[in-house]
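A look at the structure
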Amino acid sequence: MMAAMERPRSEVPLVGRERELLLLRGLVADAAAGRPGAVLLAGAAGVGKSRLVRALHDGLEEGRVLRVQCVDLGEPGLPLLAVTDLARALGDDELLAELADGVPDEARRLRTYDALATRLAAAGRTHGPVLVVLEDLQWLDAASADFLRFLLTRAATERIAVVATLRTDGLAARPRTRRLVGELGRLEHVRRVDLAPLTAAEVSALLEHVGGAEPEPHMAEEVFRRTGGNPFFVQALAEELDATGRLDAVPTGLADLLVGRLEPLPDAAREVVRAAAGSAGTVPDSVLRAVLGRPDVEVDEALRAAVQAGLLVPDGAGYRFAHDLLRTAIHDDLLPGVRARLHADYADVLASAGAPPGEVAHHHALAGNRPHALVWSLRAADDALLATAPEAALHHLQDVLDAWPDVTGAEALTGTTPGRVAVRAAAAAGLAGEPARSVELARLAVELTDGAGDAVGAVQARAELVRQLIALDRTSELLVPAEQAAALAVAEGVDAGTAALAEVMLARSLLSSRDTVAARPVAERALDRARAAAVPSLEVDALTTLAFLDEVDGDVARAAEQLGEAALLARQHGELAAELRAHYTLASLHYYGGDVAGALPVLRSGLARAAEAGVRWSDPGVEMRVLEVIALYVGGDLDASLAAAAVPDRRRPDAAAARLAAVGCYAAVARGRDDAASRLARLEESWEVDPQVALVGGGCEVERLTWAGEPVAAVAVAQRALEHLDAVVGERMYGGLWLAALALAALADHAAACRLQRDEAGAAAAETAGASWTARAERLVVGGRGRPGDLGPEGRAWHARTVAEAARLRGVPAVEEWQVALDAFAYGHEPELARCRWRLAESRLAEGDRDTARSLLEAAAESAARMGARPLQDAIDATQRRTGLGRPARGTTAVLTGREREVLVLVAEGLTNREIGRRLHISEKTASVHLSNVMAKLNASSRTEAVTVAHRRGLIEV
């Protein structure tokens, strides 16, 4: 909800009309220079014509504004009403007296027009440009319209500008006004400007001005959809949102205004409009006529009147309302009984016409016919699943579950049970990328099927529950429902396919619980049963599980063969969900086996298949997208990784959006992007969404702070992330190895800074803190939890880096440790290879091996430059400058003079300004000035910070 309204509408800034306002100001400026002209400002009611005119005359610094408001008094209108108002605005009593004598004849009228035009010209000469504003030109009386023609036709050098607002909705029913507008538009110095509705971005900006705070994106989108960008309606909905927090109702005052537009229409036209309001979108002409049941000639005339009034708009082979608010207001104004009969008629007509079941179900529900709505909603769910539209299927199935208790004989009507419906809803939620909701629905399905004594349904419900718990990595909850399903599968009446399903899910549960010994015979038995029952999707699942087990046993070739067979089988039999799971598992086999490059084509193939089928946000679809972002980063293509994380799809679930945002931060931090900090700050709000978000978001923030020279803050973030993960998933998450390596790196940087500043106590404290991180890493190596099997190449590499960082923390060269880490990351982790080469070079330098260090630094620099890893480039450059091993062209932000470097080196040794002066044979004051200059150049707030920053940038060697 937006903040409370504090300003009236008139004080809300003008939004999205800058170009038009500039044009109107140009019109007035031309008039001031003796070049008269006019603008016809056209647009629908509420589009902001009057608001724009008010902004124009509010900004005028000279001249006069004469405003005339035309009034709808029918045709031909009250003669000379606008002319009289203009004379009154001029304060011309003589002309007013003449007009009060009655309607003049043609000769007198011509003299009146000439007199008024003359007085307007005189006012322009005396007071500056005269701006004549004619509001609502469509209601201008015929005699006043003649004066407008007279004035604009004869204008030559008068200092007069005319702005006339024109409401375009309903203009088709005013032939005289259309003729007038056409005639005026042909004049050289008259220009028509049509005001378009606001864009989505402009609607969001207007909502922010009205409410005093940036609106939530989904609220702004909904306001834009309902109002069509009409500023008046936007402000009305903003006030409603502020008052109620809701957008589903039309504000009462606005509803009265909108429904009031029906009053001038003939009865038949009102009936047509009210009937059209029963359709949420474009209503086909044939459907509308069938619902009305009136002769075509009557409908034709009624439709023509409704279109001319601007209430309905032709749209292809049908009609729609000018905007959703108008339709909603008219629909909600119908009496309840009338509304129910209208929707019942729509349901019957649409069913006869073969319309999509979802539309028929919608109208039955609005008609209050729950039994029919139940039946048609189930048909709609079937259609949606066949069309791979799981979100729609879930919506329809939830409608069925909600309505079921109120429908007598629902099982006889539908041929199913609420428990089986809940199973289908759980599966649809999983495909739609909502695993948490799927778990809730699966638990409901277990409850309902158990209560009904439905053994087959109970197995299916537990199988779906296990599937979604695996997706959420809630492995501690798997075995109980999986074993219950296996026990139920032997009950009488359970078919072979359901029994195979129970075996498959038990095998997957045992695998996820890391009981690989018990999992293999169950998986082999599940495969045999799936083949015997001729259920390809279960055969694919069993093959996938066996492939995992082969990977654990070290038979990677066999695992890949099994997965390839599974994907092909699923594709041949149209088992989309199973096919996508096979794609993801095969890609994971490549990636976690150290073949990063081999994972990418498999991922792209699977993602293309998911996108083609419309299930990109299913569980395997999300997993593949996340793994693609990571694999691109690890492969060194940082830009592609960022692009893959930024999927422009507003329909993606919150959990998927948060996970993609998190893994996108790998590359954002490595690139040193300016928005990395804000990305990570926003992401922290989503740590609760998924453990991966907390792990990656927390770890990337540790990395960013470490690069920024804030190791203490980095360690604090690492500790907070670790505590969060321990509370959510326990202490055995393999990702903790990466977090430990990052925390040890930050502590090593902090210890190095302490040693530079002769702060041995600080360095010792850092070493003590590092001991707990090292111990955590070693515990994870022995008993961590992640993919079945050992650590794999990636885990072994991060363990090697924790060992190397722990040695660096202790202040030892650690050549051997960094060489081990470099070799471990050689499986294909490009950013870490570059980092390890840099650290190994520094270790070689500490032992005096400058030649090896030089080649390592050159290789690291080339890799960092290729990736665009700016923080790493800066660090490598600093080492090269500090040691003289190459002088890259990349400059530093603060170049110190020779004397300033001498002063800073002595500061690093712990000397006071007086001692520095004595050593360098300068005064204490001069030493202080040099140090102040150094601190300013390095943006340091203290002597110790200046030393640390200068050393990190390679400006001094200590």
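Look up: the structure comes first, before these words.
Computed from a predicted model, the values in this text were never measured in an experiment.

Scanning the protein chain from N- to C-terminus turns up 47 helices and 8 strands. Rg of the C-alpha trace for the protein chain: 38 Å, well past the compact-globule value of 30 Å for 958 residues, more than 25% over. Per-residue burial for the protein chain yields a buried fraction of 52% across its 958 residues. Long-range contacts, defined as pairs at least 24 residues apart, comprise 68% of the intrachain contacts of the protein chain with a sequence gap of at least 6. Taken as two groups, the 106 positive and 135 negative side-chain charges of the protein chain have centres that lie 5 Å from each other.

So, on to the pairing of strand β7 (residues 312-315). The pairing of β7 with strand β8 (residues 318-321) spans 4 bridges and is antiparallel. The residue of β8 that forms the bridge with V313 is R320. Counted along the chain from β7 to the antiparallel partner β8, the turn is 2 residues long, and its residue G316 has a positive phi close to 65°.

Attention now goes to the nonpolar core. Counting residues in hydrophobic clusters, the biggest one holds 115 residues, and the most contacted among them are Y591, Y666, C700 and W773. Per element, the largest residue contribution to this core is 13 residues, and it comes from helix α37 (residues 736-756). Setting aside residues no more than four positions away along its own chain, Y591 makes contact with V596, A599, L627, I630, A631, V634 and E794. Among the nonpolar cores identified, the runner-up in size contains 60 residues, and V400, A429, A482 and V522 belong to it.

Following the criterion strictly, the structure yields 6 cavities of 30 Å³ or more and no others. For the largest cavity, the calculated volume is near 100 Å³. Lining the largest cavity, in full, are V68, A82, V83, L86, V132, L134, L140, S144, F147, L148, L151 and V162. If you list the elements that add at least two residues to the lining of the largest cavity, you get α3 (81-90), β3 (130-135) and α6 (142-154).

Attention shifts here to the sheet that holds β7. The strand order across the open sheet formed by 3 strands is β6-β8-β7, and the pairing between neighbours is antiparallel. The open sheet has two edge strands with one neighbour each: β6 (283-284) and β7. In this sheet, β8 lies alongside β6 in antiparallel orientation, the contact comprising 2 bridges. Among the inter-strand pairings, V283 is bridged to a residue of β8, identified as Y319.

Turning our attention to the side chain of R226. Position of R226 among the secondary structure elements: in helix α9 (residues 217-227). We classify R226 as buried; its relative accessible area is 3%. Of the polar contacts made by the side chain of R226, one reaches the side chain of D324; its length is 3.4 Å.

Judged by pairing direction, the sheet is parallel, and its 5 strands sit side by side in the order β2-β3-β4-β1-β5 without closing on themselves. Strands at the two margins of the open sheet, each flanked by one partner only, are β2 (64-69) and β5 (190-194). Adjacent strand axes in the sheet meet at a mean angle of 15°, parallel and antiparallel pairs treated alike. Of the pairings in the sheet, the one linking β3 to strand β4 (residues 160-167) comprises 5 bridges and is parallel in character. Bridge pairing in β4 links V133 to V163. The strands that α3 touches are β2 and β3; relative to β2, the one it contacts most, it runs at about 150°. Those strands touched by helix α7 (residues 175-185) are β1 (37-43), β4 and β5, and its axis lies near 120° from that of β5.

Bringing the packing of aromatic side chains into the picture now. Per the stated rule, a full pass over the model turns up 8 aromatic pairs. Judged by centre distance (6.0 Å) and plane angle (45°), the rings of Y113 and F150 are tilted. Pair noted here: Y113 is in helix α5 (residues 106-127) and F150 is in helix α6, with a separation of 37 residues, a long-range link. The same class applies to Y113 as to F150, namely buried. Plain terms: the ring middles of Y633 and Y666 are 5.2 Å apart, the flat faces sit at 15° to each other, and that makes the pair stacked. With a gap of 33 residues between them, Y633 in helix α31 (residues 619-634) and Y666 in helix α33 (residues 654-671) connect regions that are remote in the sequence. We classify Y633 as buried; its relative accessible area is 8%. Here a set of aromatic residues connected by ring pairs shows up, and it is made of Y113, F147 and F150. Over the aromatic face of W376 sits the side chain of R379, whose NZ or CZ is 4.4 Å from the ring centroid. When the ring centre of W838 is taken as origin, the NZ or CZ atom of R839, which lies over that ring, is 3.9 Å away.

What follows concerns the pattern of salt bridges. A complete count under the given rule lists 68 salt bridges for this structure. The partner of D92 in a salt bridge is R119, with the nearest N and O atoms 2.5 Å apart. Taken together, the positions of D92 in the loop between α3 and α4 (93-100) and R119 in helix α5 put the pair 27 residues apart, joining distant regions of the chain. Residue R149 pairs with D146 through a salt bridge whose shortest N-O separation is 2.7 Å. Of the two residues, R149 and D146 are both situated in helix α6; the distance of 3 residues between them amounts to about one turn of the helix. The class for R149 is partly exposed, based on a relative accessible area of 22%. Among the charged side chains, a salt-bridge network with shared partners connects E703, D749, R801, E805, R808, E832, R835, R839, E842 and R882.

The next point concerns helix α29 (residues 576-592). Between its terminal C-alpha atoms α29 stretches 24 Å, which fits the 24 Å expected from 17 residues at 1.5 Å a residue. Of all 17 residues in α29, 13 are buried; the element is thus mostly enclosed. A positive phi of about 95° marks G594, the residue just after α29.

So, how was this worked out
- Residues numbered from 1 in each chain as written.
- Predicted model: local features only at pLDDT ≥ 70, side-chain atom pairs only at ≥ 80, totals over all residues.
- Heavy atoms only, no water.
- Helix = DSSP H or I, 4+ residues; strand = E, 2+ residues; numbered from the N terminus.
- Rg over C-alpha atoms; globule rule 2.2 N^0.38 Å.
- Buried < 20%, exposed > 50% of the residue type's maximum accessible area, 1.4 Å probe, protein only.
- Contact = heavy atoms within 4.5 Å.
- Lys, Arg positive; Asp, Glu negative; His and termini not counted.
- Charge placed at Lys NZ, Arg CZ, Asp CG, Glu CD.
- Pairing = 2+ DSSP bridges.
- Core = buried A, V, L, I, M, F, W, Y, C linked by side-chain atoms within 4.5 Å.
- 1 Å grid on protein atoms, 1.4 Å probe; cavity = no way out; pocket = protein on both sides within 12 Å on 5 of 7 lines; lining within 4 Å.
- Points joined across faces, edges and corners; volume = space filled by probe spheres on them.
- Polar contact = N/O pair within 3.5 Å; in protein donor to acceptor, adjacent residues only side chain to side chain.
- Axes fitted to C-alpha atoms, helices over the stretch in contact; angles between N-to-C directions.
- Phe/Tyr/Trp six-rings, centres within 6.5 Å; stacked < 30°, edge-to-face > 60°.
- Lys NZ or Arg CZ within 6 Å of the ring centre and 35° of its normal.
- Salt bridge = Lys/Arg side-chain N within 4 Å of Asp/Glu carboxyl O.
- Expected span 1.5 Å × (residues − 1).

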